[in-house]
Amino acid sequence: MTDSNDPSKGSTDPWKKSGDAWDRSTNPWEQPVDPAPHVAAVGVPGAVAAQPGTVVDMVEPDEPGTSAKYSGGSKYRTYLFMYALASLGIFAIWGSMGGIILPNHVQLIEFGNFFTGADAGVDLAALQNLKAAVEAGTATPIAEEQRLLGLLAGFDAARAQGLATVTAVGVFVTMFIQPIVGVLSDRTRSPWGRRAPYVAAGTVLGALLLIALRYSTTIVLMAIFWSLAQLIINVAQGPLTATVADRVVPEKIGSASAISGLGLMAGAVLGSVAAGMLFGVMGLDAYYPFAIALAAGGILFVLVCRDRSSQELDVEPLNLWRFILSFFIPLFDADYRWVWIAKIVMMFGYTVGTTFGFFMLQGYIQPALSPAEATATAPLLSLAGFPFMLVAMVIAGRWSDRLMRRKPFVFWASIIAAASYLVPIFWPALPALFIQAIIGGAAMGTFLVVDQALFIDVIPDKRTAGRDLGMGALGGNLGQALGPIVGGWIVAWSGYQMVWIAAVAIVLVAAFAILPVKRAK
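Parameters at a glance
- Along every chain, residues carry numbers that run from 1 in the direction the sequence is written.
- Given that this is a predicted model, residues contribute local features only at a pLDDT of at least 70 and side-chain atom pairs are listed and counted only at 80 or more, while totals for whole chains, interfaces and linings are drawn from all residues.
- Working from all heavy atoms in the structure, the side-chain values ignore hydrogens and water.
- Each reported salt bridge corresponds to a side-chain nitrogen of Lys or Arg within 4 Å of a carboxyl oxygen of Asp or Glu.
- Numbering goes from the N terminus for both helices and strands, where a helix is a DSSP run of H or I of at least four residues and a strand is a run of E of at least two.
- Relative accessibility thresholds used throughout: buried, under 20% of the residue-type maximum; exposed, over 50%; partly exposed, between the two (1.4 Å probe, protein chains only).
- Residues enter patches when they are more than 30% accessible in relative terms and free of salt bridges; like-charged ones are connected within 9 Å and nonpolar ones (Val, Leu, Ile, Met, Phe, Trp, Tyr) within 5 Å.
- Using a 1.4 Å probe, accessible areas were evaluated by the Shrake-Rupley method; residue-level cover was limited to the displayed protein chains.
- Stacked, tilted and edge-to-face are the three classes assigned to paired rings of Phe, Tyr and Trp, where Trp is represented by its six-membered ring and a pair needs centres within 6.5 Å; plane angles under 30 degrees give stacked, over 60 edge-to-face, the rest tilted.
- Every axis in this analysis is a line fitted to C-alpha atoms, fitted for helices over the stretch in contact. Angles between the N-to-C directions lie between 0 and 180 degrees.
- The scheme is simple: roughly parallel for angles under 35 degrees, roughly antiparallel for over 145, roughly perpendicular for 65 to 115, oblique for anything else.
- Contacts: residue pairs with any heavy atoms within 4.5 Å of one another.
- Only Asp, Glu, Lys and Arg are considered charged in this grouping, and only Ala, Val, Leu, Ile, Met, Phe, Trp, Tyr, Cys and Pro are considered nonpolar; every other residue, Gly among them, is considered polar.
- A helix is expected to reach a length of 1.5 Å times the quantity of its residues less one.
- Two axes enter the definition of the bend at a residue: one is fitted to the seven residues ending there, the other to the seven starting there, and the bend is the angle between them.

**Side note on the pattern of salt bridges**
Applying the stated criterion to the full structure yields five salt bridges. Residues Glu144 and Arg147 are paired through a salt bridge, measuring 2.6 Å at the closest nitrogen-oxygen approach. Here the residue Glu144 and the residue Arg147 both occupy positions in helix α3 (residues 143-174), the gap between them amounting to three residues, near one helical turn. Between Arg159 and Asp156 there is a salt bridge; the shortest N-O distance is 2.9 Å. With Arg159 and Asp156 both in helix α3 and three residues apart, this pair spans about one turn of that helix. The two residues Arg159 and Asp156 agree in class, both being buried. The network of salt bridges with common partners includes Asp119, Glu144 and Arg147.

**Section: a nonpolar patch on the surface**
A cluster of nonpolar side chains, contributed by Phe81, Leu85, Val204, Leu205, Leu208, Ile299, Leu300, Leu303 and Val304, occupies part of the molecular surface with about 750 Å² of accessible area. The biggest single contributor to the nonpolar patch is helix α8 (residues 287-304), with four residues. Mapped onto the secondary structure, Val204 falls in helix α5 (residues 196-214). Using a relative accessible area of 34% as the deciding quantity, one classes Val204 as partly exposed.

**Overview of unusual backbone geometry**
Between Gln366 and the following residue, Pro367, the backbone shows a cis peptide bond with an omega angle of -5 degrees. Looking at where Pro367 falls in the secondary structure, it is placed in the loop between α11 (357-363) and α12 (371-403).

**Thoughts on the packing of aromatic side chains**
Considering all chains together, one arrives at 10 aromatic pairs under this definition. Between Tyr79 and Tyr83, the ring centres sit 5.7 Å apart and the planes meet at 20 degrees, which makes this aromatic pair stacked. Of the two residues, Tyr79 and Tyr83 both sit in helix α1 (residues 73-114), four residues apart, roughly one turn of that helix. A relative accessible area of 0% means that Tyr79 is categorised as buried. Looking at Tyr83, the relative accessible area reads 1%, which means it is buried. With centroids separated by 5.9 Å and ring planes inclined at 75 degrees, the aromatic side chains of Trp94 and Trp226 adopt a geometry described as edge-to-face. With Trp94 in helix α1 and Trp226 in helix α6 (residues 219-247), this residue pair connects regions lying 132 residues apart in the sequence. On the basis of relative accessible area, Trp94 is assigned to the partly exposed category, the value being 21%. A relative accessible area of 4% places Trp226 in the buried class.

**Some points on the packing of α5 against α8**
Contact pair α5 / α8: the axes reach a minimum separation of 8 Å and the direction vectors enclose 170 degrees. The orientation of α5 relative to α8 falls into the category roughly antiparallel. Along its contact with α5, which presents Ala196, Val199, Ala200, Thr203, Val204, Gly206, Ala207, Leu210, Ile211, Leu213 and Arg214, the element α8 presents Tyr287, Tyr288, Ala291, Leu294, Ala295, Gly298, Ile299, Phe301 and Val302. Here the residues of the contact of α5 with α8 sort into 16 nonpolar, three polar and one charged.

**A few points about α6**
With 29 residues, α6 extends 42 Å from end C-alpha to end C-alpha; this agrees with the ideal 42 Å at 1.5 Å per step. At Asn234, α6 shows its largest bend, some 25 degrees. Most of α6 is tucked away, with 23 of its 29 residues classed as buried.

**Examining the environment of Ile344**
Mapping Ile344 onto the fold places it in helix α10 (residues 334-354). When the C-alpha atoms of Ile344 and Gly475 are compared, they prove to be 4.8 Å apart, with 131 residues separating the residues in sequence. In this structure Ile344 touches Gly475, Leu478 and Gly479, once residues within four positions along its chain are discounted.

Set out below in structure tokens:
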């Protein structure tokens, strides 16, 4: 990897140029780094340097106020477990809300808007099957059935656009919060370390906003409370992810990043399965268990994996203009920029193909499922792919560490994900969705874990990991914001099949966007 501090190598930071232009002293974010930092063993506070032959489980860089790094041992294992638990609490929100609870919530609101009075007892599955028969030319609707089919068409478009609105507004509102919080947490001085205050506050306040979301009675209220909840939960998620760069030695970053990927996929799957079961029993009260799990995971991480104080951290005075410009610093690095673009496009394609899965079970596959059947079946799609996601994450994370290569994993994961979307295009049936979930799950498991490690590899300056990883999260959020909006337009324009076709094309672009990266293999 290129040393960003070596003047013989080309600099990618716009603040530091050769000659009499900008130099490091003009940039409050870039301070000189000792090329050979003293490393000390730290078993307990105040420990001295390790003697030859001593087994060192934690190492500490010279810079005051930063975290000790785990290199192995029981503390490292405890950290990984608690990090996974906190990640699971956060990512279970995304799995349960996006796949089950929010679509059901939107559907309940829109159903009440279209099917009122005597129409409130209509059988949606039977009506969807009648629609398919009419389109196939095997049935001719009577006047009453034609009226109901008209209501169904409006309902289908409204619920897709309603879910797209709730989802996309939330992502757009929150997409800048992770890099902002990343910069702030990089500079935070507190007795609990740089990241802990954000993890604790974000998970607790996020839980309270989820409870407020449960009582939303319109799409507008849903969009407001879900946006606020996502905003605050992201305040916790970004600094939690940055603890990997803070507290894990470079040789173990790929494996530790696998925990983040595991938390994401396990949260998506387990959150979806739990939501499917809980919604059938509790209805909209299913928001409560996820809010409690979110708050508990964040608080336990902070209490069990206590960081050292960051009160001695050397922080330059904040300059608002340079604070804003600092977000763009990593994007001047060509390798970082390509990884960032690839993530935007990949998450764009992924969400185009997955946002409306719950509705596809009722309006795309044949025979169509009822809302209750779709609620029970949607988690099974996630569950089917979970073992393959898990195996892919473990193998990809360790294998990429061993080979010290990331690009091939990210490239082929994108190609395989695109191939998986072809299955439901040519076979609009429930088994096809299960096949796609299995193949696509393995591909996304590989992509998420290795892409995170690749981001860490190409960060221009490890001292600003919070900011740069936050910008990476912004890229993913931008893709996830575009996906539902574009998908909603496509559904209203030409139906669900075109959604899959668009997803194939977009994800293929993501695969080839990773090829120009040079500093990482």
